[in-house]
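Below are the chains, spelled out letter by letter.
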Amino acid sequence: MIQNAIYFAGEPVAQVAAVDWERAAEETMDPGAFGYIAGGAGAESTMRANLEAFERRRLRPRMLAGNRERDVSVDVLGTTSPAPFFLAPVGVLSIAHPDGELAAARAAAAEGIPYILSSAASHAIEEIAEAMGDAPRWFQLYWINDREVAASFVRRAEAAGYGAIVMTLDTLTLGWRPRDLRGAYLPFIKGEGCAQYFTDPVFRAKLEQSPEDDPLTAAATMLTTFPNLGLTWDDLAWLRDQTELPLLVKGVLTGQDAELARERGVDGICVSNHGGRQVDGAVASLDALVEVREAVGPDYPLLVDGGVRHGADVLKALCLGANAVLLGRPYAYGLAVAGQEGVQAVIRNLAAETDLTLALMGGRVARELDRTWIAESS
């Protein structure tokens, strides 16, 4: 089993837990780049709340379960994964490692874990698709204020074999992020994270000069398309009409919003506070998951992200109603430390820890866990 390889490989392993990768990444990365990935909004209280929400829940192990064989696989809207997590859409990964999203996508494909590509990536939709072959992948969309470009992104993703569109709702403008503000760190102005735009025919047609000839103007033009605070729930009808792929929304934190999304033809929800990067003081994603699951019932597809660091976290989220979780910062740290190999190590470690924890708590099928496996601590 994978966990045995960790214990008995014969040599010390420098990075095993998520915190190990984070510390190593901080030592490896430029301070501004590390702060961009590691930081959050305001006082970063939402980031802390995400972690505390997992700490507050306790698993209730059951003994003598006869669970020699276990199943930790999941299926969400026709996309299967051998472990109950996907790689979350993390943008601008070129600031962590030169191979950026390309290395992360290749790692996900090698391990069979679905990968969600960000709109704010440093590698294009088609390049990632070519690197992944038939491996499962989704595309995350920031709904910018230029609908022609947004629609072009969706068409490109559909043509390149992506299995779903994940529309982010909570980042219609950037949050107040002190770590970035102190260092005046904005990677986009240097063209980092702009690949979807710079390779898009609709976007390029709007420029007087190509991004290759005038990258600064192209980057500035990309930034002007970003704020889009005028969007309303009624606008989702337009996006729903752009594709026949499953459509998910990411950033929902209340049962009321979950019901509004479902009423408008959304196929699934990612309960998320953007890793604490948008609203300081927002509710923890795991706490919101409980409310959202109660609102939409037992069968509606739900994912959750924010604060996932350990196998126990993955299983707690499943117990509370998630069909799968999204893993974000830990794999970005693995990327910074060791490129594709680092991402694969993070995936393998988390998958092994999840399976081992399921074994020790007496579970057999991870996707069948429910709230009877959870105790709330004060």
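As a reminder, the structure under discussion sits directly above these lines.
Heads up: these notes are all about the structure in this document. (Residues numbered from 1 in each chain as written. Predicted model: local features only at pLDDT ≥ 70, side-chain atom pairs only at ≥ 80, totals over all residues. Heavy atoms only, no water.)

### What about the side chain of E101?
- One can find E101 in helix α5 (residues 100-111).
- Look at E101: it is buried, it has no salt bridge, and the nearest opposite charge is R106 at 11 Å.
- In this structure the side chain of E101 is engaged in a polar contact, spanning 2.9 Å, whose partner is the backbone nitrogen of S122.
- Dropping the residues within four chain positions of it, E101 is found in contact with V90, G91, V92, L93, S94, Y115, L117, A120, A121, S122, H123 and I128. (Helix = DSSP H or I, 4+ residues; strand = E, 2+ residues; numbered from the N terminus. Buried < 20%, exposed > 50% of the residue type's maximum accessible area, 1.4 Å probe, protein only. Lys, Arg positive; Asp, Glu negative; His and termini not counted. Salt bridge = Lys/Arg side-chain N within 4 Å of Asp/Glu carboxyl O. Polar contact = N/O pair within 3.5 Å; in protein donor to acceptor, adjacent residues only side chain to side chain. Contact = heavy atoms within 4.5 Å.)

### Remarks on empty space enclosed by the protein
- What the rule picks out here adds up to one cavity of 30 Å³ or more.
- When its volume is computed, the largest cavity comes out at roughly 500 Å³.
- Forming the walls of the largest cavity are 32 residues, and the residues nearest its centre are P89, V90, G91, H274 and R277.
- Listing elements by their share of the lining of the largest cavity, those giving two or more residues are α3 (31-38), β11 (324-327) and α16 (329-361).
- Tallied by class, the residues present in the lining of the largest cavity amount to 17 nonpolar, nine polar and six charged. (1 Å grid on protein atoms, 1.4 Å probe; cavity = no way out; pocket = protein on both sides within 12 Å on 5 of 7 lines; lining within 4 Å. Points joined across faces, edges and corners; volume = space filled by probe spheres on them. Nonpolar A, V, L, I, M, F, W, Y, C, P; charged D, E, K, R; others polar.)

### Things to note about the pattern of salt bridges
- All told, the structure shown has 20 salt bridges when counted by the stated rule.
- Put simply, K206 and E148 hold a salt bridge, and the shortest N to O gap is 2.9 Å. Taken together, the residues K206 in the loop between α10 (201-205) and α11 (215-224) and E148 in helix α7 (residues 147-159) connect sequence positions 58 residues apart.
- A salt bridge links R264 to D234; the shortest N-O distance between them is 3.3 Å. Note that R264 is positioned in the loop between α13 (255-263) and β9 (268-271) and D234 in the loop between α11 and α12 (236-241), a separation of 30 residues in sequence.

### Section: the state of the cysteines
- In total, this model carries zero disulfides according to the counting rule given.
- The closest cysteine sulfur to the non-disulfide-bonded C270 is located on C319, 18 Å from its own sulfur. (Disulfide = S-S within 2.5 Å.)

### What about the pairing of strand β7 (residues 165-168)?
- Burial along β7 is two-sided: I165 and M167 facing one way and V166 and T168 facing the other are all buried.
- Relative to β7, strand β6 (residues 137-142) runs parallel, the two sharing four bridges. Among the inter-strand pairings, Q140 is bridged to a residue of β7, identified as V166. (Pairing = 2+ DSSP bridges.)

### A word on the packing of α5 against helix α6 (residues 125-132)
- At their nearest, the axes of α5 and α6 sit 9 Å apart, and the two run at 30 degrees to each other. In terms of orientation, α5 lies roughly parallel with respect to α6. In this structure, α5 crosses over α6, and the sense of that crossing is right-handed. For the pair formed by α5 and α6, the contact residues are E101, L102, A105, R106 and A109 on the first element and E127, I128, A131 and M132 on the second. (Axes fitted to C-alpha atoms, helices over the stretch in contact; angles between N-to-C directions. Parallel < 35°, antiparallel > 145°, perpendicular 65-115°, else oblique. Left-handed = near helix turned anticlockwise from the far one by under 90°.)

### A short note on the environment of A164
- On the secondary structure map, A164 appears in the loop between α7 and β7.
- What makes A164 buried here is its relative accessible area of 0%.
- Along the chain, A164 and V325 lie 161 residues apart, while their C-alpha atoms are 16 Å from each other.

### Description of the environment of G307
- Note on placement: G307 falls in the loop between β10 (302-304) and α15 (311-319).
- For G307, a relative accessible area of 10% gives the class buried.
- With 261 residues separating them along the chain, G307 and T46 place their C-alpha atoms 9.7 Å apart.
- Setting aside anything within four residues of it in sequence, one finds G307 in contact with N50, L51, F54 and D313.

### A word on the pairing of strand β8 (residues 247-252)
- In terms of burial, β8 is a largely internal element, six of the six residues being buried.
- Relative to β8, β7 runs parallel, the two sharing four bridges. Bridging across to β8, I165 finds its partner in L247.
- Sheet topology note: the β8/β9 ladder contains four bridges and is parallel. Counterpart to K250 in the pairing with β9 is C270.
- Following the chain from β8 across α13 to the adjacent parallel β9, one finds a crossover that is right-handed. (Right-handed = clockwise from strand over helix to strand, strands pointing away.)

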